[in-house]
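Structural characterization, general
Single-letter residue listing:
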Amino acid sequence: MGDPRRLKKKYETPPHPWQEDRIKYEHELVKKFGLKNKREIWKAQTILRKYRAQARYLLPRANSEKHKKEIKQLMDHLFRMNLLKPGSSLADVLSLTVEDILSRRLQTIVYLKGLASTPRQARQFIVHGHIAISGRKVTIPSYMVKAEEEPEIGYAPNSPLNEENHPARPPADMIKRRVGLEMEKSAQSG
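Residues numbered from 1 in each chain as written. Predicted model: local features only at pLDDT ≥ 70, side-chain atom pairs only at ≥ 80, totals over all residues. Heavy atoms only, no water.

Some thoughts on the overall build of the protein chain
A count of helical and extended segments in the protein chain gives seven helices and three strands. Helices and strands appear in the protein chain in the N-to-C order α-α-α-α-α-α-β-β-β-α. Burial statistics for the protein chain: of 190 residues in total, 37% are counted as buried. Nonlocal contacts in the protein chain, meaning residues at least 24 apart in sequence, comprise 51% of its contacts between residues at least 6 apart. Carbon and sulfur atoms make up 54% of the accessible area of the protein chain, which totals about 12400 Å². (Helix = DSSP H or I, 4+ residues; strand = E, 2+ residues; numbered from the N terminus. Buried < 20%, exposed > 50% of the residue type's maximum accessible area, 1.4 Å probe, protein only. Contact = heavy atoms within 4.5 Å. Areas by Shrake-Rupley, 256 points an atom, 1.4 Å probe, with all protein chains shown as cover.)

Describing the pattern of salt bridges
By the definition in use, this model includes ten salt bridges. The salt bridge involving Arg105 is made with Glu40; its shortest N-O contact spans 3.4 Å. Of this pair, Arg105 sits in the loop between α4 (98–102) and α5 (106–112) while Glu40 sits in helix α2 (residues 39–58), placing them 65 residues apart in sequence. Of the residues examined, Arg105 reaches a relative accessible area of 4% and is grouped as buried. Measuring nitrogen to oxygen at the nearest pair gives 2.9 Å for the salt bridge that ties Lys72 to Asp76. Linking Lys72 with Asp76, this pair stays in helix α3 (residues 65–80), spanning four residues, or about one helical turn. With relative accessibility at 26%, the residue Asp76 sits in the partly exposed group. Overlapping salt bridges, with partners in common, bring together Arg22, Glu26 and Lys38 in one network. (Salt bridge = Lys/Arg side-chain N within 4 Å of Asp/Glu carboxyl O.)

A word on a positive patch on the surface
On the surface, a cluster of positive charge is contributed by Lys10, Lys36, Arg39, Lys43 and Lys50. The residue Lys50 is located in helix α2 in this model. (Patch = residues over 30% accessible without salt bridge, like charges linked within 9 Å, V, L, I, M, F, W, Y side chains within 5 Å. Lys, Arg positive; Asp, Glu negative; His and termini not counted. Charge placed at Lys NZ, Arg CZ, Asp CG, Glu CD.)

The structure is reproduced here in structure tokens:
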């Protein structure tokens, strides 16, 4: 069974520690997505490896009645996670990349929605409790956002960042708000 305080790792490390191409690629991913360390990449690779292994197992058995339920469950899960579009086939699971998995993290989506200026700032906002999904505070940057939760991401209701003039808010966000306010004023006056 094992000691409950000693949990298993949720990722697999690379088979060889010093491969220049892999190290460069991982460093680019860390910079692009604002990750804390390479362990987060390895976790995403492990998630992707499990999806692909399940797809490789089910692909030759796609015609059997016994495995149709498993195929439907896998595809529904990937649709909910917004990793695949509706109408995709089981073979499309094999074309997923690590970047597809990393792009579904809360940290990345907060940055892409313009709630933070950089991916690192997005991570900081999440960890400090300034980001909420449908009013519920989430403090885990690696939280995998489902498709239906994506439009509900915003600042936490009790966060100081909820004020439009807060200095830590990204400039693009403030510019959008100013343009929106100016358009409202011109519509009211004219």
